[in-house]
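Summary of structural features
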Amino acid sequence: MIIKLMIVTLSKERKGDDFLFDTGSIQWDKEVDVIVLGSGGAALTAAVAAAENGANVLVLEKTHQIGGTTAYSGGVPWIPLNHYMKEAGFEDNREDAITFIKRLSLGRADDHMIETFVDKGHEIIKFLHDNTPVKFTTPLSYPEYYKRMDEALKNGTRSLDPAPFDLNEIGEWGALLRQNPIFPPLTLEEGGAVGGIDFQLVAERMQKNIVTMGRSLVASLFKACLDRGVETLIETAGKDLVINNDGQVIGVVAETKDGEILHFAASKGVILASGGFEWNKQLIKAFLKAEITHPVTPPGNEGDALMMAMKAGAALANMSEAWWYPAMVDPTFEYEDHVMAQLGSGRNGPNSIIVNKYGRRFVHEGTTYNDMPRSFFNFDPVKMEFPNEAPVWLIFDQQLKDSQLIITMMPGDPAPEWVDQADSIRALAEKIGVDPDGLEDEIRKWNEYCEQGEDPDFHRGTIQFEALTTGGGSPENNLGKIEKGPFYALPIYLGALGTNGGPKINENGQVVDFKGEPIKGLYAAGNASANPLGPIYPSAGGTIGPAMVFGFLAGQHAANLAEQPAVNY
Amino acid sequence: MPQGTHIVEVPLNINTIWEFVHDMNNWAPLVPGYINHEILSESQSTWAFKGDLGFMKKTVKLKIDIKEWNEPKEVIFDLSGLSDNFNGGGYFLAEPIDEEHTKMTGHLDITAGGMMGAMVNQILTNFVPETAQELTDNIVKKLLEINLVK
Ligand SMILES: Cc1cc2nc3c(=O)[nH]c(=O)nc-3n(C[C@H](O)[C@H](O)[C@H](O)COP(=O)(O)OP(=O)(O)OC[C@H]3O[C@@H](n4cnc5c(N)ncnc54)[C@H](O)[C@@H]3O)c2cc1C
């Protein structure tokens, strides 16, 4: 095939203009209908949808394992009106779901994208349930994070819990499924993400190769891909888009880990589903409000899709946002040559507060992981600084230490040497470099609030999330004095479960340009795209929900070349 | 109980092997993931190493208590976690085949305790035998290296 080509290149060797023009021929190494970059939740859902609609699909994964952050995650999608809810006896309705999402997005998402998500999401989940091994259950004990807001669902949950999946079903690919060092092989409902878990069951599942959560979601989606003839190449990174003279994306230049350059043609479309840019320091600096020093995700998401889309002329949205997380660290754990940022815990516990370098509280400590770190960005225009800049400090006492799992410290275990501790608050403050007067005063105040049963400063003990699975926040659950030494301090860093700004997409998952026109042949989904719902994390599953929905819509649209009828659900 | 035994034939005299093995400083750095060690007494030492569990690496500190030095053939030890909840033990056994050859056996067993024990032991199922093999092989390699140079 001889075509006039414009290669949008990311290669470092490139010199001169932004685009390389090649009037010669490209020797395609492979020609398919649809190419999907990435192998996480967005990518594999897109691949299933494209293949289901008759496309010949090639998945390219940059790392040596499939599944991306999705495999490493809880794997929970948040899908309003899903049929599992109905079966569990929970009522939901379209208008309530739309109103709730609009309320959270504070006007920063397009209404039609919210409506598309609400209208299509449950259909897609039903399609997957009926036609693939992708199955979920309703995590009955896991309510909505914002349950106490007026617009929220009060009874039940829109989150979905991936059902346990036998990894042997995907044969030798099972060994290539990204490991999940954070969650044991239990479902959300079984306590996989909240503790109180049956370690015997965990051991049995490990022995039998039964996976749950993100690994179940990825493995079951992957099985659906295998069943539909989707081909996957690992250690093959999408580098450049190939764009013809009509401005249509017609292929991908990829690079293997050995540096071999391959050219893949995509007659119907390229779907960017290669995650966000949380591992790219330059992009973080360019776009985010503060540096994500501790991405909680596996390395690999370096903004490749964002750069390709920018060069192809994509409009961008949500660029200063991420799925924020207050990350903590047990330095004795490493994942792929990095000290592993962990989800941490303890901040909801009664005998703890979080303070800045002045020893002062600055936020309701138990708000959601996406919301709490937003307080790190507050600017003091008099001091000309960000006083709450991470690391901030979780301060707690022996009572909390004795009653909760904190990062990896089991109650009753001796405190490891990486935890700062002291017999007095003052000594602790001095040890960690926090203003001792400020910290002493703040703890005195906190202890008074605990006695009064009310936190007038930040309203601890009033929201659902801070005691999510134990009835919600209350003075009994969340207000407890810090009084029994030794006292402990742990740093909290700015982490993220991924970024969520990127190329703007429309209701078909097509990447649009600055005029809102689709860039022909280019699609994006998941963290490689701007979150279509805006800067919100509505509840457990708030990222994987839209990733799957718009991934599916992208795959379906690409395979059907626009106007053709959608797949029957 | 996660455990592993590894046997190798070494083309060296048993006394040469003993000379090397009886001084822990010689082979401590050969423990896979070795970070450092400190000899506390004739029979006690502490070790830090980074265990590669495949899906992640974990730095652990442990204490080794030598229970028996049976010159020239055996070192038997107990181990216990200083930073984590586990216990175990192991031995090196050297048996002469002839003047120039020795059969060397390395054995390691580690059992995690506490609430997470069942799960951690499952994770250690592969790790322990792999470590026993790697350590024994490393020692043999080192022995051959030293004695070839001589
Ligand atoms: C511990 C943890 C728990 C979480 N739990 C949940 C949860 O339960 N529910 C929820 O909604 N969200 C959760 N999240 C967030 C969620 O996991 C991510 O937002 C989501 O999985 C992103 O999906 P994705 O498909 O966009 O990207 P990913 O799953 O990250 O996949 C992107 C893939 O693209 C690959 N890639 C990168 N560059 C290239 C390239 N150039 N070419 C080819 N491949 C490339 C990457 O290696 C990766 O495999 C969690 C996150 C973490 C860290």
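The preceding data block contains the structure.
Below you will find a few notes about this structure. (Residues numbered from 1 in each chain as written. Chains lettered and ligands numbered in written order. Predicted model: local features only at pLDDT ≥ 70, side-chain atom pairs only at ≥ 80, totals over all residues. Heavy atoms only, no water.)

**Considering the environment of B:Asp109**
Residue and element names in this part refer to chain B.
- Within the fold, Asp109 resides in strand β7 (residues 101-112).
- As a C-alpha pair, Asp109 and Asn87 span 22 residues in sequence and 8.3 Å in three-dimensional space.
- Look past the residues within four positions of Asp109 in its chain and what remains in contact with it is Met1, Pro2, Gln3, Asn87, Gly88, Gly89 and Val128.
- At a separation of 3.3 Å, a polar atom in the side chain of Asp109 contacts the side chain of His107. (Helix = DSSP H or I, 4+ residues; strand = E, 2+ residues; numbered from the N terminus. Contact = heavy atoms within 4.5 Å. Polar contact = N/O pair within 3.5 Å; in protein donor to acceptor, adjacent residues only side chain to side chain.)

**A look at empty space enclosed by the protein**
- Across all of its chains, the model carries 4 cavities of 30 Å³ or more by this definition.
- Roughly 160 Å³ of internal volume is contained in the largest cavity.
- Lining the largest cavity we find 13 residues, and of these B:Val31, B:Phe49, B:Ile64, B:Leu79 and B:Leu108 sit closest to its centre.
- Counting residues per element, the ones that place at least two in the lining of the largest cavity are β3 (44-52), β4 (57-70), β5 (74-81), β7 and α3 (117-149) of chain B.
- The greatest single-element share of the lining of the largest cavity, amounting to 3 residues, is contributed by α3(B).
- Looking at the second largest cavity, its volume works out to about 70 Å³.
- Forming the boundary of the second largest cavity are 13 residues, of which A:Gly526, A:Ser529, A:Pro532, A:Pro546 and A:Ala547 lie nearest the centre.
- In terms of residue count, the dominant contributor to the lining of the second largest cavity is helix α14 (residues 544-560) of chain A (3 residues). (1 Å grid on protein atoms, 1.4 Å probe; cavity = no way out; pocket = protein on both sides within 12 Å on 5 of 7 lines; lining within 4 Å. Points joined across faces, edges and corners; volume = space filled by probe spheres on them.)

**Some words on the pattern of salt bridges**
Residues and elements named next belong to chain A.
- This model, assessed by the stated rule, comprises 44 salt bridges over all chains.
- Where Glu123 meets Lys120, a salt bridge forms, and the shortest distance between an N and an O atom there is 4.0 Å. Of this pair, Glu123 and Lys120 both sit in helix α5 (residues 111-131), 3 residues apart, which is roughly one turn of that helix.
- Among the ionic pairs, Glu385 bridges to Lys357, the shortest N-O distance being 3.1 Å. Highlighted residues: Glu385 in the loop between β17 (352-355) and β18 (392-396) and Lys357 in the loop between β17 and β18, separated in sequence by 28 residues.
- The class for Lys357 is partly exposed, based on a relative accessible area of 42%.
- Taken together, the salt bridges that share partners define one network made up of Arg360, Asp441, Glu442, Arg444, Lys445, Glu448 and Asp457. (Salt bridge = Lys/Arg side-chain N within 4 Å of Asp/Glu carboxyl O. Buried < 20%, exposed > 50% of the residue type's maximum accessible area, 1.4 Å probe, protein only.)

**Focus: helix α1 (residues 14-21) of chain B**
Residues and elements named next belong to chain B.
- Inspection of α1 places Ile14, Ile17, Trp18, Phe20 and Val21 among the buried residues, and these make up the whole buried set. An end-on view of α1 places all buried positions within 165 degrees of arc, on one side of the element.
- Near the N-terminus of α1, the side chain that reaches the backbone nitrogen of Asn15, with its oxygen 2.7 Å away, is that of Asn13. (Arc of directions from axis to C-beta.)

**Quick look at the site of the ligand**
Residue and element names in this part refer to chain A.
- Around the ligand, the surrounding shell holds 38 residues, and the nearest of these are Glu61, Thr69, Thr70, Thr543 and Ile544.
- In the environment of the ligand, an oxygen atom lies 3.0 Å from a nitrogen or oxygen atom belonging to the backbone of Ala42.
- At 3.5 Å from an oxygen atom of the ligand is found a main-chain nitrogen or oxygen belonging to Gly542.
- Isolated, the ligand exposes 1000 Å² of accessible area, and the fraction of that covered by the protein chains is 97%.
- Looking at the shell around the ligand, the elements with two or more residues in it are α1 (41-52), α2 (68-72) and β10 (236-244).
- Sort the elements by how many residues they give to the shell around the ligand and α2 lands first, with 4 residues.
- Counted by class, the shell around the ligand contains 13 nonpolar, 22 polar and 3 charged residues. (Near = heavy atom within 4 Å. Areas by Shrake-Rupley, 256 points an atom, 1.4 Å probe, with all protein chains shown as cover. Nonpolar A, V, L, I, M, F, W, Y, C, P; charged D, E, K, R; others polar.)

On their own, these measurements won't tell you what the molecule is for.
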